[in-house]
Amino acid sequence: MSKRKLTRRQAWRVEKIHKERTERALKKDHKLDSQLEASELGPEQQGLIISHFGQQVDVEALDSEHAGKIFRCHLRTNLDRLVTGDKVIWQRGAETGVIVAALPRTSLLQRPTSQGELKPVASNIDRIVITFAIEPEPFSNLIDRYLVASELSGIQPILLLNKADLINPKNRASIEELIERYQKIGYEVLTASTTSESGMDKLHAKLDNKTCVFVGQSGVGKSSLINVLLPGVDIKVGELSEATKKGKHTTTTARLFHIPSGGDLIDSPGIREFALWHLDENSIIQGFVEFRPFIGLCKFRDCKHISEPKCALLTAIAEGKISESRMKSYRRIITSINENK
């Protein structure tokens with residue numbers, strides 16, 4: 001669908017609003033500079049953003065005699081959007097400091113909003129711990145969305161089944177089938193229980209000296225896991241709704257915690273659906289790692305992998321090289337993207 005052309009008056013209005021916003025931002029920066037200079041800013045030093053609050057962030061000093069201490073800092077409006085995990089250059093003030101520059105990132109986890117805008121979640125991540133549980137019931141399509149996001153972000157995913165103590169004869173077969181599905185692809189699947197604290201040693205070892213982010217739908221126990229991994233942190237835990245068996249959101253902002261044995265952990269706000277609206281079909285299919293050897297081998301260049309003759313992916317399914325469930329998940333993601341567009 002072509003974009004609607006703006007009238008001359010509408011274009012003037014948009015430009016006027018943009019100009020007013022820019023002027024307000026510059027005025028705000030000038031006011032901030034005056035306040036901070038009056039309080040005598042300290043020397044520039046490196047820091048790590050551990051939490052974000054609108055136009056302010058909590059920064060941990062990485063050098064100088066204040067290393068390890070937390071300082072509240074203002075963000076200059078000319079800086080790109082900064083998130084938890086970003087390393088920055090900052091200066092200390094009498095009451096609050098100021099971020100003056102951002103250092104290069106090694107990775108960035110983003111998700112689109114309902115308006116289609118890409119929103120960064122956290123940066124400089126080494127591992128994405130995709131958490132699912134016995135309750136609420138695991139949703140494989142949501143897991144696949146997280147995996148696609150991980151693969152396309154270049155961040156290694158780890159699948160974690162939490163609340164393993166709730167496995168019983170009724171759900172065991174379906175849970176084992178789900179785990180086996182991802183293990184066959186090559187993904188590592190850990191199991192854990194915060195109730196019995198089983199599997200926590202293996203999880204701890206995977207997080208050692210790495211920066212990790214926990215993702216997953218609300219109610220899977222991310223906050224409970226962090227409370228066990230980081231004694232004394234006491235993250236607020238949300239109970240499952242008795243009516244829907246879905247989780248209640250408890251985390252309001254991404255926050256970085258240091259793991260005592262080494263490494264960092266970022267607790268991100270719970271989200272029930274991880275949208276991929278900003279991606280096209282070619283990107284999505286690359287996010288399914290087991291599809292990659294067959295991409296480009298179909299008879300038709302514009303093959304949709306539905307019922308076309310000599311489709312390499314359909315042949316791979318028939319030969320047991322690709323699971324039908326993963327193909328259904330791929331099609332569901334593509335359908336949701338096309339419907340949104």
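Everything numeric in this text was worked out from a predicted model, so none of it was measured.

Conventions and cut-offs
- Residues numbered from 1 in each chain as written.
- Predicted model: local features only at pLDDT ≥ 70, side-chain atom pairs only at ≥ 80, totals over all residues.
- Heavy atoms only, no water.
- Helix = DSSP H or I, 4+ residues; strand = E, 2+ residues; numbered from the N terminus.
- Buried < 20%, exposed > 50% of the residue type's maximum accessible area, 1.4 Å probe, protein only.
- Contact = heavy atoms within 4.5 Å.
- Areas by Shrake-Rupley, 256 points an atom, 1.4 Å probe, with all protein chains shown as cover.
- 1 Å grid on protein atoms, 1.4 Å probe; cavity = no way out; pocket = protein on both sides within 12 Å on 5 of 7 lines; lining within 4 Å.
- Points joined across faces, edges and corners; volume = space filled by probe spheres on them.
- Nonpolar A, V, L, I, M, F, W, Y, C, P; charged D, E, K, R; others polar.
- Pairing = 2+ DSSP bridges.
- Salt bridge = Lys/Arg side-chain N within 4 Å of Asp/Glu carboxyl O.
- Core = buried A, V, L, I, M, F, W, Y, C linked by side-chain atoms within 4.5 Å.
- Axes fitted to C-alpha atoms, helices over the stretch in contact; angles between N-to-C directions.
- Parallel < 35°, antiparallel > 145°, perpendicular 65-115°, else oblique.
- pLDDT = per-residue confidence, 0-100.
- Phe/Tyr/Trp six-rings, centres within 6.5 Å; stacked < 30°, edge-to-face > 60°.
- Right-handed = clockwise from strand over helix to strand, strands pointing away.

## Let's talk about the overall build of the chain
Moving on, step 1. Scanning the chain from N- to C-terminus turns up eight helices and 13 strands.
Moving on, step 2. Per-residue burial over the chain gives 45% buried out of 341 residues.
Moving on, step 3. The long-range share in the chain, meaning contacts at least 24 apart out of those at least 6 apart in sequence, stands at 62%.
Moving on, step 4. Total accessible area on the chain is roughly 19000 Å²; 49% of this is exposed by carbon and sulfur atoms.

## Observations concerning empty space enclosed by the protein
To find the voids left in a structure, one rolls a probe of water-molecule size over its atoms.
Moving on, step 1. The final tally for this structure, using the stated rule, is one cavity of 30 Å³ or more.
Moving on, step 2. Ile130, Thr131, Phe132, Pro138, Phe139, Leu142, Ile143, Tyr146, Gly216, Gln217 and Val220 are the residues that line the largest cavity.
Moving on, step 3. For the lining of the largest cavity, the elements supplying multiple residues, two or more each, are β8 (127-133) and α2 (140-153).
Moving on, step 4. Along the lines of polarity and charge, the residues of the lining of the largest cavity split into eight nonpolar, three polar and no charged.

## Considering the pairing of strand β2 (residues 56-61)
If a strand is regular, its side chains alternate between the two faces of the sheet.
Moving on, step 1. Among the six residues that make up β2, five are buried, leaving the element largely enclosed by the rest of the structure.
Moving on, step 2. In terms of strand pairing, strand β1 (residues 45-53) meets β2 through six bridges, oriented antiparallel. Bridging across to β2, Leu48 finds its partner in Glu60.
Moving on, step 3. In this sheet, strand β3 (residues 70-75) lies alongside β2 in antiparallel orientation, the contact comprising five bridges.

## Here we look at the side chain of Arg181
Moving on, step 1. Inspection of the secondary structure assignment puts Arg181 in helix α3 (residues 172-185).
Moving on, step 2. Assessed through its relative accessible area of 14%, Arg181 is described here as buried.
Moving on, step 3. Leaving out residues up to four positions away in the same chain, Arg181 has contacts with Ser140, Ser323, Ser325 and Arg326.

## Describing the pattern of salt bridges
Close approach of charged atoms lets side chains of opposite charge pair.
Moving on, step 1. A complete count under the given rule lists twelve salt bridges for this structure.
Moving on, step 2. With a closest N to O distance of 3.6 Å, Glu151 and Arg292 form a salt bridge. You can see Glu151 sitting in helix α2 and its partner Arg292 sitting in the loop between α6 (281-286) and α7 (312-318), a full 141 residues away along the chain.
Moving on, step 3. On the accessibility criterion, Glu151 (22% relative accessible area) is partly exposed.
Moving on, step 4. Note that Lys184 is salt-bridged to Glu180, the shortest N-O span being 3.7 Å.

## Observations regarding the nonpolar core
Moving on, step 1. Judged by nonpolar contacts, the single largest core of 29 residues is most densely connected at Leu109, Ile128, Ile130, Ile143, Leu159 and Tyr182.
Moving on, step 2. Among the elements of the structure, β1, β7 (118-123), β8, α2, β9 (156-162), α3 and β11 (211-215) are those that each provide at least two residues to this core.
Moving on, step 3. In terms of nonpolar packing, the next biggest core, distinct from the first, is built from 22 residues, Val148, Ile284, Cys298 and Ala316 among them.

## Side note on unusual backbone geometry
Moving on, step 1. Cis rather than trans, the peptide bond between Glu135 and Pro136 has omega equal to 0°.
Moving on, step 2. Backbone geometry at Glu197 places phi at a positive 60°, although glycine is not the residue there.
Moving on, step 3. Within the secondary structure, Glu197 sits in the loop between β10 (189-191) and α4 (200-207).
Moving on, step 4. Residue Glu197 is classed as exposed on the basis of its relative accessible area of 52%.
Moving on, step 5. The residue His305 is not glycine, and still its phi comes out positive at about 60°.
Moving on, step 6. For His305, the location among the structural elements is in the loop between α6 and α7.

## Quick look at the packing of α2 against helix α8 (residues 324-340)
Moving on, step 1. As a packed pair, α2 and α8 sit with axes 10 Å apart at the nearest point and diverge in direction by 75°. Classified by the angle their axes make, α2 and α8 are roughly perpendicular. Here Ser140, Asn141, Asp144, Arg145 and Leu147 of α2 come into contact with α8, specifically with Arg326, Ser329, Arg332, Ile333 and Ser336.
Moving on, step 2. Of the residues that constitute the contact of α2 with α8, the class distribution is two nonpolar, four polar and four charged.

## Here's the deal with the confidence of the model for the chain
Moving on, step 1. Across the chain, the average pLDDT comes to 82, with 82% of residues at or above 70.
Moving on, step 2. Considering only residues more than four positions removed or in separate chains, one finds that residues 236-252, a stretch of pLDDT under 50, has 37 contacts.

## Examining the packing of aromatic side chains
Moving on, step 1. The tally for this structure, following the rule as stated, stands at four aromatic pairs.
Moving on, step 2. One aromatic cluster is present, formed by Phe288, Phe291 and Tyr330 through successive ring pairs.

## Here's the deal with the pairing of β8
Moving on, step 1. The buried fraction of β8 is high, at seven of seven residues.
Moving on, step 2. Both faces of β8 are covered, namely the face carrying Arg127, Val129, Thr131 and Ala133 and the face carrying Ile128, Ile130 and Phe132.
Moving on, step 3. Across seven bridges, the pairing between β8 and β9 is parallel. Bridging across to β9, Val129 finds its partner in Ile158.
Moving on, step 4. Traced from β8 through α2 to β9, the parallel crossover comes out right-handed.
Moving on, step 5. Bridge count for β8 against β11 is four bridges, and the pairing is parallel.

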